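Summary of the model geometry
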Amino acid sequence: NYYAGAGASSGTRFCSLVDCIVSYNRTKGGSYITRGYATNSVFLGNTGNGVEAEGNNYGSIVGCSSVGNSGKGIYNAKTVSSCVSSNNGGTGIDTCGTVSDSIASSNGSYGINVCLFATNCAASNNYEPGAYRTSLYGCRFEGNSLNVAQPVGFFNVAAPTEIYTFPLNDALPI
């Protein structure tokens, strides 16, 4: 367990975090995990982003909470799973690869922004739209300034359980 708080710069840099609290750091925000991961950790009240990875090819953030940071809650990670990002000054979850089973609420900008794919997520009461430029599956949006705006793809339809067969002339355009 690790606690980093009230620092003059970033709470942690270039590391992996498990069961940590990173709070009230100035300048660079909460954590910059580079190519590591953050698991079951809390990022609270930092100036800047709560937790940030080095580009969305690296870094996994699992089971974390990012609350009340002045910048983005969770930023630039390859995977985000089972996380909560709330009451941050910027976007809740921004520029990540895949996002699953996560919540973005009451953030100062978008709930989920420019992520490759989001599944089973929720975005509510964000200042900007719930999701922007993100492929979505099984997500819920309530109380955002716009509930969904410009998704890349919107997949929220269950596949039918029946199997249908068609004659060849029904499958080909005439």
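Before any of the text, the structure's been laid out above.
Note that the structure is a prediction, hence the values are computed from the model and not measured.

The number of helices and strands found in the protein is one helix and 23 strands. Looking at the 174 residues of the protein, the share that counts as buried comes to 45%. Partitioning the contacts of the protein with sequence separation of at least 6, the portion at a separation of at least 24 is 7%. By element, 55% of the accessible surface of the protein is carried by carbon and sulfur atoms, the whole surface being about 8800 Å².

Should the charged atoms of two oppositely charged side chains come close, the side chains can pair. The tally for this structure, following the rule as stated, stands at two salt bridges. Note that Asp94 is salt-bridged to Lys72, the shortest N-O span being 3.0 Å. Linking Asp94 in strand 14 (residues 93–94) with Lys72 in the loop between strand 10 (65–67) and strand 11 (74–75), this pair joins segments that are 22 residues apart in sequence. We classify Asp94 as buried; its relative accessible area is 4%. Lys72 sits in the partly exposed class, given a relative accessible area of 23%.

Summed over all chains, the structure comprises zero disulfides. For Cys64, which is in no disulfide, the shortest distance to another cysteine sulfur is to Cys83 and amounts to 5.0 Å. You can call Cys64 buried: its relative accessible area is 2%.

Okay, the nonpolar core next. Here is a general trend for soluble globular proteins: nonpolar side chains tend to be buried in one another's company. Among the nonpolar cores identified, the biggest contains 27 residues, and Ile61, Ile74, Val80, Cys96 and Val99 are the most heavily contacted of them. Those elements that place two or more of their residues in this core are strand 4 (20–23) and strand 8 (51–53). The contacts of Ile61, once residues within four sequence positions are left out, are Ile33, Ala38, Val51, Ile74, Ala77, Thr79, Val80, Ser81 and Cys83.

Turning to the environment of Gly97, a few remarks are in order. Mapped onto the elements of the fold, Gly97 is located in the loop between strand 14 and strand 15 (98–100). Given a relative accessible area of 4%, Gly97 falls into the buried group. Placed 18 residues apart in sequence, Gly97 and Cys115 show a C-alpha to C-alpha distance of 5.4 Å.

Turning next to the side chain of Ser105. The residue Ser105 is located in strand 16 (residues 103–105) in this model. A relative accessible area of 14% means that Ser105 is categorised as buried.

What counts as what
- Residues numbered from 1 in each chain as written.
- Predicted model: local features only at pLDDT ≥ 70, side-chain atom pairs only at ≥ 80, totals over all residues.
- Heavy atoms only, no water.
- Helix = DSSP H or I, 4+ residues; strand = E, 2+ residues; numbered from the N terminus.
- Buried < 20%, exposed > 50% of the residue type's maximum accessible area, 1.4 Å probe, protein only.
- Contact = heavy atoms within 4.5 Å.
- Areas by Shrake-Rupley, 256 points an atom, 1.4 Å probe, with all protein chains shown as cover.
- Salt bridge = Lys/Arg side-chain N within 4 Å of Asp/Glu carboxyl O.
- Disulfide = S-S within 2.5 Å.
- Core = buried A, V, L, I, M, F, W, Y, C linked by side-chain atoms within 4.5 Å.

Honestly, it's all geometry; don't read function into it.
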